[in-house]
Amino acid sequence: LLVIDTKKNTYHKLPINRDTITDVRSLDDDGSYLATTKTQIALAHANGDGMELSCENTVDAVSNMLYGIRIEGYISLNMDSIKILNHLAGGVPVTIEDDFSQSDKSLVKGQTVTLTDDQAMHYVHDRMNVGDGTNECRMRRQNAYVDALFPLYKAKLQADSGFINEFYNDLSDYMVTDMTKDQYVKIAMDGMEAGSLTSEDFYTVPGVEEITEKYDVYRADRQAAIQIILDLFYRETE
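A. Quick peek at the pattern of salt bridges. Per the stated rule, a full pass over the model turns up 12 salt bridges. Notably, a salt bridge pairs D19 with R18, separated by 3.6 Å at the nearest N-O pair. Here R18 falls in the partly exposed class, since its relative accessible area comes to 38%. Here R140 and E97 are joined by a salt bridge, their closest N and O atoms 3.0 Å apart. Linking R140 in helix α5 (residues 135–159) with E97 in the loop between β6 (92–95) and β7 (112–115), this pair joins segments that are 43 residues apart in sequence. Relative accessible area serves as the criterion here: at 48%, E97 is assigned to the partly exposed category.

B. Focus on the nonpolar core. Formed by 31 residues in total, the largest nonpolar core has its most connected members in V94, L115, Y123, Y145, Y153 and F167. Elements with a contribution of two residues or more to this core: α3 (81–89), β6, β7, α4 (117–125), α5, α6 (163–171) and α7 (181–192). In this structure F167 touches L85, L88, Y153 and Y184, once residues within four positions along its chain are discounted. Counting residues in hydrophobic clusters, the runner-up holds 18 residues, among them V62, I69, Y218 and L232.

C. How the structure looks around the side chain of R138. With respect to the helices and strands, the residue R138 is situated in helix α5. Within the buried core, R138 has no salt-bridge partner, and the shortest N-O distance to an opposite charge, that of D19, equals 6.6 Å. Here N135 takes part through its side chain, which lies 3.0 Å from a polar atom of the side chain of R138. Discounting residues that sit within four places of it in the chain, R138 has contacts with R18, V124, H125, D126 and R127.

D. Quick peek at the packing of aromatic side chains. Taken as a whole and judged by the stated rule, the model has 6 aromatic pairs. Seen in terms of ring centroids, Y11 and F150 are 6.1 Å apart; in terms of plane orientation they differ by 50°. Their pairing is tilted. Here the residue Y11 occupies a position in strand β2 (residues 10–13), and F150 occupies one in helix α5, the gap between them amounting to 139 residues. Seen from the ring of Y123, R141 lies directly overhead, with NZ or CZ sitting 6.0 Å from the centre. For the cation-ring pair, R222 lies above Y67, with the distance from its terminal atom to the ring centre recorded as 4.5 Å.

Analysis parameters
Residues numbered from 1 in each chain as written. Predicted model: local features only at pLDDT ≥ 70, side-chain atom pairs only at ≥ 80, totals over all residues. Heavy atoms only, no water. Salt bridge = Lys/Arg side-chain N within 4 Å of Asp/Glu carboxyl O. Buried < 20%, exposed > 50% of the residue type's maximum accessible area, 1.4 Å probe, protein only. Helix = DSSP H or I, 4+ residues; strand = E, 2+ residues; numbered from the N terminus. Core = buried A, V, L, I, M, F, W, Y, C linked by side-chain atoms within 4.5 Å. Contact = heavy atoms within 4.5 Å. Lys, Arg positive; Asp, Glu negative; His and termini not counted. Polar contact = N/O pair within 3.5 Å; in protein donor to acceptor, adjacent residues only side chain to side chain. Phe/Tyr/Trp six-rings, centres within 6.5 Å; stacked < 30°, edge-to-face > 60°. Lys NZ or Arg CZ within 6 Å of the ring centre and 35° of its normal.

Everything listed is a geometric property; what it means functionally is a separate question.
Shown next, in the form of structure tokens:
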């Protein structure tokens, strides 16, 4: 979740563990509501058509998890877009901190590499045969990838304002969003132009990871989540 503070001209990232247990709506084939179940938040996307209905259901689940906070837009990219994102950046430098020997032997633990497009797919996507196999481990890699990717895009945009149109056009076939192109481009420009939005430390909702017979679950600390919501979405009155 990207949270933009327009008064301070800053933004925060709030990564959400896909295994987080929260209220998720089940939908019929036509999108009509069937029931609400406490289950993995990732299943919100599965309970839909893979397109707009899935995205809207995910927005609803994330909002429920955050005590009803209104989410003003979504952008969904499928997994194939990882290679496009990496290619547009010209490769992304990362340090390999996990054992990829069963996933991609070219990613050697301890080495710093500029990821090829195929390597980027393994680095960002793979979980079961990498490191300890947990989603938390993968989220750490994903955050490291985004942190390394962003300044590359920022430099490209500063060198050529037309890069944002190339970015949008190359990814449009992989994207589902309820935002207009103008809205999307404005956020991207605000985030990447010199002297504009600056990044604050990202938040994570603390919790406990559990392995069950059915699937892994992440039980978020609800009290800690309240404090994060207050920090991100509210200002104290003077």
